[in-house]
Amino acid sequence: MSGGSFPGSSKDKVNGAGKALTTHDLDGHDLPPSPAPSTPRNGGRKYALATELVYTESNDQYNAASVPIYQSATFKQTSASGGGMEYDYTRSGNPTRTHLERHLAKIMNAERALVVSSGMGALDVITRLLRPGDEVVTGDDLYGGTNRLLKYLSTHGGIVVHHVDTTDPETIRGVVNNKTAMVLLETPTNPLIKIVDIPSIASIAHAANPAAVVAVDNTMLSPLLQNPLDLGADVVYESGTKYLSGHHDLMAGVIAINDSALGEKLYFTINASGCGLSPFDSWLLLRGIKTLGVRMEKQQANAMRIATFLESHGFKVRYPGLKSHPQYDLHWSMARGAGAVLSFETGDVNVSERIVESARLWAISVSFGCVNSLISMPCRMSHASIDAKTRAERALPEDIIRLCVGIEDPEDLIDDLSRAVRIGAVNNVEQLVQAGAVNITPEGFQALKINDSAEASS
Ligand SMILES: Cc1ncc(COP(=O)(O)O)c(C=O)c1O
Ligand SMILES: N[C@@H](CCSC[C@H](N)C(=O)O)C(=O)O
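Under an unreviewed UniProt entry, the name given to the protein chain is cysteine-S-conjugate beta-lyase, and the organism recorded is Paraconiothyrium brasiliense. The Cofactor (unreviewed entry) comment attached to the protein chain in UniProt states, word for word, "pyridoxal 5'-phosphate".

As structure tokens, then:
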């Protein structure tokens, strides 16, 4: 494995590289060091990213092709002194988790990565850097769960949260000050697919307060397509539940940093609160990451086909792969791809509901980034925790439909969507029949109606 031998190999067991470090808790007190030694920045990458996703070195004693799952809560120690061994307890560190963290650090261009039990868990760990009275500047289009956690911190934690239009760096300049402890960005945003200029906002935030932490949620693109740490962010986090795992069979959160003191503070919270990712889920996530390149390539190609199909039928489509996206150039100045999430509006919430409920291949589900395609109405699903008044104030359209495109045959996806749109766009059964949206001819339908009424009158 790049950036260090596999933890748990004999040469790592005593006095692993991390043991020499002195670490601190959130208030600066000395702490015993964390068991995951830092990797060199960029994790010692040797190959193209698509190769590095797949490539891991293991010093496992049996040369196992798949990283072993160290399904153990505790580890035997060689003495009662409480020191000397790299691992003592899985909440504090586990070899399978460390392997994943090193692999992620490598692909995220980070000095260190940390993995926790969900994307929201990652944001929770990051926001525990805040103190009462601190100010947070964030967007007015954000994942519903992020909005919910920030609202909780403002009502229960004494944190002042400013939701502003992050698509305009000048708006940020007007609101940041020396109390701004964190600037929290999503790009593209979920679900309006707005693009946020990470480099400009990071420099504005750091000029206002050099200690401000610029945190970027990279879930909508994954490290394959965007590296916020290279764009000026201090912390990047992602829901590993999405593209990184790719199969909707696990929940995970990833945090990556290039500042070792910040990394130790975040590790402290993970150990103290007990949200580190389990060995089995760490193994599953490692497995998922290997296919990220091929999955994303197919998902993006499919998403582009779907976006073009909808746009050609007159829908206002939000997708950064389309030249019509108002921030197309900004997006491509930061990212290597458009991802596979897009949204569009129909103009009528009932039409949207009928479209979503008429889809057969597209599953009505929250989440995204997985191999199968999903359809949803964010205002009623992923963003339902934002109250209707706030949604209206922030111009989140109630009729917006979000599509999360998978790896199926694109013709099947388009056929199914086209059929669902036809059903959604008409409002009675005769129109459905005329539109050919049901498997019956108009003549057959008329005959059926006569039989129905004959039955009813008998
Ligand atoms: C953009 C974004 N960030 C963070 C999260 C939280 O991730 P998780 O569901 O893994 O907690 C989600 C979805 O849940 C999301 O859409
Ligand atoms: N009931 C959940 C909804 C999760 S939404 C998951 C994902 N981020 C998405 O955007 O679809 C909740 O209340 O958090």
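Next comes the rest of the account.
Asker: Honestly, the overall build of the protein chain in this entry has me stumped. Any pointers?
Answerer: Check the secondary structure of the protein chain and you find 16 helices and 14 strands. Burial status across the protein chain gives 55% buried among its 458 residues. Sequence-distant contacts in the protein chain: of pairs separated by 6 or more residues, those separated by 24 or more amount to 71%. Just so you have it, the protein chain exposes about 19,000 Å², and 53% of that area is on carbon and sulfur atoms.

Asker: Help me out: how do you make sense of the environment of Lys 194 in this one?
Answerer: Here Lys 194 is to be found in the loop between β6 (180–186) and α7 (198–208). Sequence-wise, Lys 194 and His 325 are 131 residues apart; in three dimensions their C-alpha atoms are separated by 8.9 Å. Residues in contact with Lys 194, not counting those within four places in the same chain, are Asp 140, Asp 141, Thr 167, Thr 187, Pro 188, Thr 189 and Gln 327.

Asker: I'm lost on the site of ligand 2 in this one. Help?
Answerer: Residues in close proximity to ligand 2 include Tyr 143, Arg 148, Asn 190, Lys 242, Val 366, Ser 367, Ser 382 and Arg 402, which together make up its full environment. Residue Ser 367 places a main-chain N or O atom 2.6 Å away from an oxygen atom belonging to ligand 2. Within the side chain of Arg 402, an N or O atom sits 2.6 Å from an oxygen atom of ligand 2. Across the shell around ligand 2, the residue classes break down as two nonpolar, three polar and three charged.

Asker: Teacher, can you tell me more about the pattern of salt bridges here?
Answerer: It is possible for side chains bearing opposite charge to pair when their charged atoms get close. One pass over the structure, following the stated rule, counts 11 salt bridges. Lys 106 serves as the salt-bridge partner of Glu 52, at 2.7 Å between the closest nitrogen and oxygen. Linking Glu 52 in helix α2 (residues 49–54) with Lys 106 in helix α3 (residues 95–107), this pair joins segments that are 54 residues apart in sequence. A single burial state applies to Glu 52 and to Lys 106, both of which are buried. The partner of Lys 389 in a salt bridge is Glu 393, and the shortest N-O contact between them spans 3.1 Å. One end of the pair, Lys 389, and the other, Glu 393, are both in helix α13 (residues 388–393), four residues apart, so they sit about a helical turn from each other. Neither Lys 389 nor Glu 393 differs from the other in exposure class; each is exposed.

Asker: I keep staring at the environment of Ile 195 and nothing clicks. Help me out?
Answerer: Mapping Ile 195 onto the fold places it in the loop between β6 and α7. Judged by its relative accessible area of 0%, Ile 195 is buried. Spatially, the C-alpha atoms of Ile 195 and Gln 327 are 6.3 Å apart, while their sequence positions differ by 132 residues. Sequence-distant contacts of Ile 195, defined by excluding residues within four places in its chain, comprise Thr 167, Thr 187, Pro 188, Pro 320, His 325, Gln 327, Leu 330, His 331 and Met 334.

Asker: I keep staring at the site of ligand 1 and nothing clicks. Help me out?
Answerer: Close to ligand 1 lie 14 residues; Met 120, Asp 217, Ser 239, Thr 241 and Lys 242 are nearest. With respect to ligand 1, the side chain of Lys 242 contributes an N or O atom lying 3.0 Å from an oxygen atom. Burial of ligand 1 by the protein amounts to 92% of the accessible area it has alone, namely 380 Å². Taken together, the residues that form the shell around ligand 1 break down as five nonpolar, six polar and three charged.

Asker: Whenever I open this one, helix α9 (residues 279–290) confuses me. Can you help?
Answerer: An α-helix turns once per 3.6 residues; consequently, residues spaced three or four apart project the same way. Taking 1.5 Å per residue, 12 residues should reach 16 Å; α9 reaches 17 Å between its end C-alpha atoms and fits that length. Residues Pro 279, Ser 282, Trp 283, Leu 284, Leu 285, Leu 286, Gly 288 and Ile 289 constitute the buried set of α9. Packing partners of the buried residues in α9 comprise α2, α3, β9 (253–257) and α10 (292–312).

Asker: Please explain helix α8 (residues 260–273) as it appears in this structure.
Answerer: For α8, built from 14 residues, the straight-helix expectation of 20 Å at 1.5 Å per residue is met to within 8% by its first-to-last C-alpha distance of 20 Å. Buried within α8 we find Leu 262, Gly 263, Glu 264, Leu 266, Tyr 267, Thr 269, Ile 270 and Asn 271. After α8 finishes, the residue Gly 274 shows a positive phi value of roughly 80°.

Asker: Help me understand the sheet that holds β9, please; the structure alone is not making it clear to me.
Answerer: Pairing between sheet strands relies on hydrogen bonds along the backbone, with the strands arranged either parallel or antiparallel. Reading across from one edge, β3-β9-β8-β7-β6-β4-β5 is the order of the seven strands in this open sheet, with mixed pairing throughout. Lying at the two open borders of the sheet, with one neighbouring strand each, are β3 (112–116) and β5 (160–164). Sheet twist, expressed as the mean angle between neighbouring strand axes with direction ignored, is 20°. Sheet topology places strand β8 (residues 235–239) next to β9; five bridges connect them, and they run antiparallel. Paired with Val 236 across the two strands is Ala 256, which belongs to β9. Packing of α8 onto the sheet brings it into contact with β3, β8 and β9, and relative to β3 it is tilted by some 15°.

Asker: Help me understand the sheet that holds strand β12 (residues 363–364), please; the structure alone is not making it clear to me.
Answerer: Read across the sheet, five strands follow the order β10-β11-β14-β13-β12 without closing on themselves; strand pairing throughout is mixed. The open sheet has two free edges, formed respectively by β10 (316–318) and β12, since each of these has just one partner strand. Relative to strand β11 (residues 341–345), β10 is paired through three bridges, and the arrangement is antiparallel. Looking at the pairing, Lys 316 lines up with Glu 345 of β11.

Asker: Please clarify how the packing of aromatic side chains should be interpreted in this entry.
Answerer: In this description, a pair of aromatic rings is defined by centroid distance and the angle of the planes. One pass over the full model with this rule turns up six aromatic pairs. Each ring, one from Tyr 47 and one from Tyr 55, has its centre 5.3 Å from the other, and the planes form 85°; the classification is edge-to-face. What makes Tyr 47 partly exposed here is its relative accessible area of 42%. The aromatic ring of Phe 368 is capped on one face by Lys 242, whose charged end is 5.3 Å from the ring centroid.

Asker: Just checking my understanding: could you explain the pairing of β3 for this structure?
Answerer: A regular strand carries its side chains on alternate faces of the sheet. For β3, the buried fraction is high: five of the five residues fall into the buried class. Burial of the side chains of β3 extends over both faces: Arg 112, Leu 114 and Val 116 are buried on one face and Ala 113 and Val 115 on the other. Two strands pair when backbone bridges link them, and β3 and β9 are joined in this way by five bridges, in the antiparallel orientation. Bridge assignment links Ala 113 to a residue of β9, and that residue is Ala 256.

So, how was this worked out
Position numbers for residues start from 1 in each chain and track the written sequence from start to end. Chain letters and ligand numbers both follow the written order, the letters beginning at A and the numbers at 1. Whole-chain, interface and lining totals are the exception, using all residues; otherwise, since this is a predicted model, local features are given only for residues with pLDDT of at least 70 and side-chain atom pairs are given and counted only at 80 or more. As a convention, hydrogens and water are excluded, and side-chain values are obtained from all of the structure's heavy atoms. UniProt positions are given in the numbering used here, feature names are shortened, and annotations may be inferred rather than shown by experiment. Numbered from the N terminus, helices here are DSSP runs of H or I no shorter than four residues, and strands are runs of E no shorter than two. Only protein chains enter the accessibility calculation, which uses a 1.4 Å probe; a residue is then buried when its area is under 20% of its type maximum, exposed when over 50%, and partly exposed in between. Any two residues having at least one pair of non-hydrogen atoms within 4.5 Å are treated as being in contact. Note on areas: Shrake-Rupley with a 1.4 Å probe; residue coverage comes only from the protein chains shown. A molecule or strand has a residue near it when one of that residue's heavy atoms lies within 4 Å. Polar contact criterion, stated in full: a pair of N or O atoms within 3.5 Å, where within protein one must be able to donate a hydrogen and the other to accept it, and residues adjacent in sequence count only if both atoms are side-chain atoms. Note that Gly is not counted as nonpolar here; it falls among the polar residues with everything else outside the nonpolar set of Ala, Val, Leu, Ile, Met, Phe, Trp, Tyr, Cys and Pro and the charged set of Asp, Glu, Lys and Arg. Any carboxyl oxygen of Asp or Glu within 4 Å of a side-chain nitrogen of Lys or Arg constitutes a salt bridge here. In a helix, the anticipated span is given by 1.5 Å times the number of residues less one. By definition, two strands form a pair when at least two bridges between them are found by DSSP. Inter-axis angles, ranging from 0 to 180 degrees, are taken between N-to-C directions of lines fitted to C-alpha atoms, where helices are fitted over the stretch in contact. Planes of paired rings set the category: under 30 degrees apart is stacked, over 60 is edge-to-face and the rest tilted, where pairs are Phe, Tyr or Trp rings (Trp by its six-membered ring) whose centres lie within 6.5 Å. Here, a charge over a ring means that NZ of Lys or CZ of Arg falls within 6 Å of the ring centre while also lying within 35 degrees of the ring normal.

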